[in-house]
Number of protein chains: 2
Amino acid sequence: MFMSKAAITRLSILQKAFDLIYMKGYQACSIDDILATTELTKGAFFYHFKTKDQMGLAMVNEVMYPGMKKALINPLIAAQDPVEALYHMMEHVLLHAPFFQVQYGCPAVNLIEEMAPLHASFHQALLQLILQWQEAIRTCVKQGVASGKINQDVNPDGVAAFIIAGYSGIRNMGKLVGVSCYHTFLKELKMYLKTLS
Amino acid sequence: MFMSKAAITRLSILQKAFDLIYMKGYQACSIDDILATTELTKGAFFYHFKTKDQMGLAMVNEVMYPGMKKALINPLIAAQDPVEALYHMMEHVLLHAPFFQVQYGCPAVNLIEEMAPLHASFHQALLQLILQWQEAIRTCVKQGVASGKINQDVNPDGVAAFIIAGYSGIRNMGKLVGVSCYHTFLKELKMYLKTLS
DNA sequence: TTGTAAACATACCAACTAGTATGTTTTCTA
DNA sequence: TAGAAAACATACTAGTTGGTATGTTTACAA
C-alpha cells in the first residue's frame, strides 16, 4: 500500500497526537506538544488539519477505530465458544495489549470521559465506536443462545452493557489501584460469564 | 453549626468549583471561570487557597468525600439484606441523585479519569475515596456471607471490583448513550446479584 | 529543465492562564 | 472606639494557547 510523503506526515501527526493525548488528555495536550515530538512545525499541522478538533476527530476515526476493531471486535466475530471468546477478548486487552499502560487507562474510555459532554462531533464519533462494540458483543451472545451454549433467558443487551461498563470501569479503577484489580475483575468476570450458560 | 463569613466564602468557592469542574473538567475549568459565577475576585481565591491544585484537593476532601459517603457508603452500613442494599444503593445514585446529569457522568469518576495519572496528590486523595467505598462493599458482602444470605464461595473482593467497575463504566457509557443504558445495566446487575445468593 | 502547486517553515497575534504585588475594606478584639 | 489583622479587591505579569499571514522548499507534470 503506497503512501505519499504527505500522507505519511499526516499519519505521523495523528500517531504522535494519539500517544500524547492518551497520556495527557485531549485538552491538556497542546499542538506545540505534539509538534515537539516530531520534526514538524505549525505550518505542517495546519496544512493537514483545519483545526485541532478536526485533527482529534481524524485521530478517532483513523487511529482509534481501527485499533479497537482489531482488539475488541474481530475476536468476537465467528467465535466458536462465545463465553470463552468474551473472556479472552477482555483478558487480552487488559493484560496483553502492549501499548496500554495501567496508569493511563484506555485511550477510548479517556476520550469519551473528557470530550463526549463537551463536543457534539466527538460525541458522535465516539458513540459509533461504542455502538460497534456493543453490537459485536450482542451478536456474540445471540449466537451463543442460538447454539445452545448460552441460556435462553439471558438478555444480550444486558450482557453487552455489563461487559462494556465493566471494562470502562476497571480501566478507571486501574488508574488508582494498579493492575491487581484487573486480575480481581477478570476472576469475577469468569464467574459471571459462567452463570450465563 | 456556626460558620464565619470567611468560612462561608471558602466553601462557596469549593461548591462553585465542584459544579463547574463536574461539567467542564478540572484542567479546562479556569480560576476565572469559577470566580465569574461568584461575587468574588482573585484576591479572595488566593487568600483561601495557595494554588489551584490545593483548592482542587480541598474540593475532593471537603465536598466530594462527604457526598460520596452519604450516597454510596452509609446505605451499606448495617444493611439488613446486603444484596438488596447493594442494588438500591446503585439504583438510587444512578437514577435519583438530583445533582447528577447523565451527560456529565459522576464527578468522582471524572476526576479519577482526568487527574489520577497526572498528579500524585490527586491520585492519593481519590484513592482514599475508592478504597473507602471498596471496603464498605466488601464488608457488606462479608456480612451477607456470615448471615447466610450470600453464598459461601462468593469472593467479596471480586464483587466489590465488579460493582465499582460497573458503576464507573456505566457512568462513562451514559455520556454517550443516555439514561437508557442505566436501566439496562440495573436489570443485569439484579441478575448478577441474584447469582450471589 | 522549468514552472507551479503542493507541502511545508517562520514569525507573528490576541486571548487566556495561574499566580503576584499592592492596594482597600471589613471584622473583631482590646 | 481605636487599631490591627483578617478578608477581600484591583491591577498587573510572564507564559501558554489555537490560529494566521506570509514566506520558502519540495515534488512532479509538461
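Below is a summary of the structure that appears in this document.

Quick notes on the rules
- Residues numbered from 1 in each chain as written.
- Chains lettered and ligands numbered in written order.
- Predicted model: local features only at pLDDT ≥ 70, side-chain atom pairs only at ≥ 80, totals over all residues.
- Heavy atoms only, no water.
- 1 Å grid on protein atoms, 1.4 Å probe; cavity = no way out; pocket = protein on both sides within 12 Å on 5 of 7 lines; lining within 4 Å.
- Points joined across faces, edges and corners; volume = space filled by probe spheres on them.
- Helix = DSSP H or I, 4+ residues; strand = E, 2+ residues; numbered from the N terminus.
- Near = heavy atom within 4 Å.
- Polar contact = N/O pair within 3.5 Å; in protein donor to acceptor, adjacent residues only side chain to side chain.
- Nonpolar A, V, L, I, M, F, W, Y, C, P; charged D, E, K, R; others polar.
- Buried < 20%, exposed > 50% of the residue type's maximum accessible area, 1.4 Å probe, protein only.
- Contact = heavy atoms within 4.5 Å.

### Overview of the layout of surface pockets
The method is simple in principle: a probe with the dimensions of a water molecule rolls over the atoms, and the space it marks as empty is what remains.
Thinking step 1. In this structure, the largest pocket spans a volume of roughly 690 Å³.
Thinking step 2. Taken together, 30 residues make up the lining of the largest pocket; nearest its centre are Met64, Gly67, Met68, Ala71 and Phe100 of chain A.
Thinking step 3. Considering every element that reaches the lining of the largest pocket, the biggest residue donor is helix H4 (residues 52-73) of chain A, with 9 residues.
Thinking step 4. Taken as a whole, the second largest pocket encloses approximately 470 Å³ of empty space.
Thinking step 5. Along the walls of the second largest pocket sit 22 residues, with Met64, Gly67, Met68, Ala71 and Phe100 of chain B positioned nearest its centre.

### Some points on the protein's contact with DNA strand C
Thinking step 1. As a structural note, the neighbourhood of DNA strand C is formed by 18 residues, with Thr41, Tyr47 and His48 of chain A together with Lys42 and Lys52 of chain B the closest of them.
Thinking step 2. Of all atoms in DNA strand C that approach within 4 Å of the protein, 63% are sugar or phosphate atoms.
Thinking step 3. One nitrogen or oxygen atom from the main chain of Glu39 of chain A is found 3.2 Å from a phosphate oxygen belonging to DNA strand C.
Thinking step 4. One nitrogen or oxygen atom from the main chain of Lys52 of chain B is found 2.9 Å from a phosphate oxygen belonging to DNA strand C.
Thinking step 5. Counting residues per element, the ones that place at least two in the surface near DNA strand C are helix H1 (5-24) and helix H3 (42-48) of chain A together with helix H3 (42-48) of chain B.
Thinking step 6. A class-by-class count of the residues in the surface near DNA strand C yields 7 nonpolar, 6 polar and 5 charged.

### Brief notes about unusual backbone geometry
Excluding glycine, a negative phi dihedral is what most residues carry, and trans is how most peptide bonds are arranged.
Thinking step 1. Although it is not a glycine, Ala78 of chain A adopts a positive phi angle of roughly 55°.
Thinking step 2. Structurally, the position occupied by Ala78 of chain A is in the loop between H4 and helix H5 (82-96).

### Digging into the side chain of Arg138 of chain B
All names here are of chain B.
Thinking step 1. Structurally, the position occupied by Arg138 is in helix H7 (residues 120-146).
Thinking step 2. Residue Arg138 is classed as buried on the basis of its relative accessible area, which comes to 19%.
Thinking step 3. Looking at Arg138, its side chain comes within polar contact range of the side chain of Glu135, at 2.5 Å.
Thinking step 4. Excluding residues within four positions of it along the chain, Arg138 makes contact with Pro156, Asp157 and Ala160.

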